[in-house]
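Given next are the chains, with one letter for each unit.
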Amino acid sequence: MKNSIEFTVVSDAPNIGKNSEIVALDFDLWNLRLKVGFFEGLQDIEVHYSEVIGFRALDEGDLLEFWEHFNLRDGWIFRVHKGGWFDLESTRGGFTSAYSDFLKEFLIIGEDLCISVISKDDPVFKQAQNP
């Protein structure tokens, strides 16, 4: 899996800084909202997904095999086309979503926390309401 990952940077994501962190997560069965903070920027970004199939949060240290591919210099959100969490789950016989050809996988990386998202739709970005 290490050498077979295929991904692209999500090009329409706001670029506010090179050092991001996921600072909040809210999920209500259909909608997933993430708040991403940027150390250089004054404004945080909210990332919204609807029709989420699943998501996982892992410490960046638990994704060491991917760090030769992903880094904050290139971006903070990536579309994973092959070799990511979806493909890993697809090795299980009970993962019925493996037979869906319309699902998308995304990886949002932070300095300490990373979120993988499997969704039917693309993320929507907006400026977060900062206190």
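Residues numbered from 1 in each chain as written. Predicted model: local features only at pLDDT ≥ 70, side-chain atom pairs only at ≥ 80, totals over all residues. Heavy atoms only, no water.

1. Focus on the sheet that holds strand β6 (residues 77-82)
A sheet is described by the order of its strands in space; here 5 strands give the open sequence β1-β6-β7-β8-β5, paired in antiparallel fashion. Two strands in the sheet have a free side with no partner beyond their single neighbour: β1 (6-9) and β5 (52-59). If you compare each strand with its neighbour and ignore which way they point, the axes differ by 25° on average. Judged from the 6 bridges that link them, strand β7 (residues 104-109) and strand β8 (residues 113-119) form a sheet pairing that is antiparallel. Bridge pairing links F106 to V117 in β8. (Pairing = 2+ DSSP bridges. Helix = DSSP H or I, 4+ residues; strand = E, 2+ residues; numbered from the N terminus. Axes fitted to C-alpha atoms, helices over the stretch in contact; angles between N-to-C directions.)

2. Focus: the pairing of strand β3 (residues 31-38)
In terms of burial, β3 is largely enclosed, as 6 of its 8 residues are buried. Where strand β2 (residues 20-27) folds back onto β3 in an antiparallel hairpin, the turn is made up of 3 residues, including L29, whose phi is positive at roughly 85°. (Buried < 20%, exposed > 50% of the residue type's maximum accessible area, 1.4 Å probe, protein only.)

3. Side note on the pattern of salt bridges
It is possible for side chains bearing opposite charge to pair when their charged atoms get close. On inspection of all chains with the given rule, the structure shows 7 salt bridges. The salt bridge partner of R33 is D28, with a shortest N-O separation of 3.7 Å. A relative accessible area of 23% means that R33 is categorised as partly exposed. Put simply, K35 and D44 hold a salt bridge, and the shortest N to O gap is 3.9 Å. One network of salt bridges, in which partners are shared, links D26, D28 and R33. (Salt bridge = Lys/Arg side-chain N within 4 Å of Asp/Glu carboxyl O.)

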